[in-house]
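Examining the three-dimensional arrangement
The chain contents come next:
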Amino acid sequence: QVQLVESGGGLVQAGGSLRLSCAASGRTFSTYTMGWFRQAPGKEREFVAGITWSGGSTYYADSVKGRFTISRDNAKNTVSLQMNSLKPEDTAVYYCAAEKGWVVTSSADYWGQGTQVTVSS
């Protein structure tokens with residue numbers, strides 16, 4: 001069992017930065033591929049970024065590539081999402097997810113409760 005708690009959301013102006021964190025409970029955190037998803041009002045949840053269990057591989061949605069960076073610290077059971085050059089279209093609730101395997105998908109095993117990110121123009 002893994003419990004995920006996100007933090008770090010907030011209101012920021014376009015062009016600004018935010019850093020989201022996800023704290024995980026459980027001794028098996030390091031065996032899960034982790035990821036971030038987001039859901040804007042009236043839209044489906046979409047993939048943002050993922051990182052393998054070792055941190056050796058990362059992958060991103062085209063819409064955030066070059067602006068967002070995902071990282072993890074298995075010693076601290078945390079995964080982070082550094083978001084730079086934010087745009088109003090990045091406004092959404094951001095969710096942390098954990099899944100066994102090499103990739104994280106919308107069918108992930110565990111989800112956090114979400115944190116709101118609002119980017120003003």
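Scroll up to find the structure this text is about.
This write-up is about the structure you can find in this document. (Residues numbered from 1 in each chain as written. Predicted model: local features only at pLDDT ≥ 70, side-chain atom pairs only at ≥ 80, totals over all residues. Heavy atoms only, no water.)

**Things to note about the state of the cysteines**
What the rule picks out here adds up to one disulfide. Each sulfur of the disulfide joining cysteine 22 and cysteine 96 lies 2.2 Å from the other. The sign of the -85° torsion about the S-S bond sets the cysteine 22-cysteine 96 disulfide as left-handed. In this pair, cysteine 22 sits in strand β3 (residues 18-24) while cysteine 96 sits in strand β9 (residues 92-99), placing the two residues 74 residues apart along the sequence. Of the two residues examined, cysteine 22 and cysteine 96, each falls in the buried class. (Disulfide = S-S within 2.5 Å. Helix = DSSP H or I, 4+ residues; strand = E, 2+ residues; numbered from the N terminus. Buried < 20%, exposed > 50% of the residue type's maximum accessible area, 1.4 Å probe, protein only.)

**What to know about the sheet that holds strand β7 (residues 68-73)**
Strand order across the open sheet formed by four strands is β1-β3-β8-β7, with antiparallel pairing between neighbours. Edge strands, defined here as strands with exactly one partner in the open sheet, are β1 (4-7) and β7. Strand-to-strand twist in this sheet, taken as the mean axis angle between neighbours without regard to direction, amounts to 15°. One ladder, built from six bridges, connects β7 with strand β8 (residues 78-83); its direction is antiparallel. In the strand pairing of β8, isoleucine 70 is matched with leucine 81. (Pairing = 2+ DSSP bridges. Axes fitted to C-alpha atoms, helices over the stretch in contact; angles between N-to-C directions.)

**Considerations on the packing of aromatic side chains**
Tallying each qualifying case throughout the model produces four aromatic pairs. The residue whose ring lies beneath arginine 45 is tyrosine 95, and the NZ or CZ to ring-centre distance is 4.0 Å. (Phe/Tyr/Trp six-rings, centres within 6.5 Å; stacked < 30°, edge-to-face > 60°. Lys NZ or Arg CZ within 6 Å of the ring centre and 35° of its normal.)

**Looking at a nonpolar patch on the surface**
Taken together, the side chains of Trp53, Trp102 and Val103 make up a nonpolar region of the molecular surface, amounting to roughly 380 Å² of accessible area. Mapped onto the secondary structure, valine 103 falls in the loop between β9 and β10 (110-111). (Patch = residues over 30% accessible without salt bridge, like charges linked within 9 Å, V, L, I, M, F, W, Y side chains within 5 Å. Areas by Shrake-Rupley, 256 points an atom, 1.4 Å probe, with all protein chains shown as cover. Salt bridge = Lys/Arg side-chain N within 4 Å of Asp/Glu carboxyl O.)

**Overview of the pairing of strand β5 (residues 46-51)**
Two elements, strand β4 (residues 33-39) and β5, share five bridges in a ladder whose sense is antiparallel. When the sheet's bridge partners are listed, phenylalanine 37 is paired in β5 with phenylalanine 47. What sits between β4 and β5 in their antiparallel hairpin is a turn of six residues, with glycine 42 showing a positive phi close to 75°. By the bridge criterion, three bridges tie β5 to strand β6 (residues 58-60) in an arrangement that is antiparallel. Note on β6: the bridge partner recorded for glycine 50 is tyrosine 59. Connecting the antiparallel pair β5 and β6 is a turn made up of six residues, with glycine 55 showing a positive phi of about 85°.

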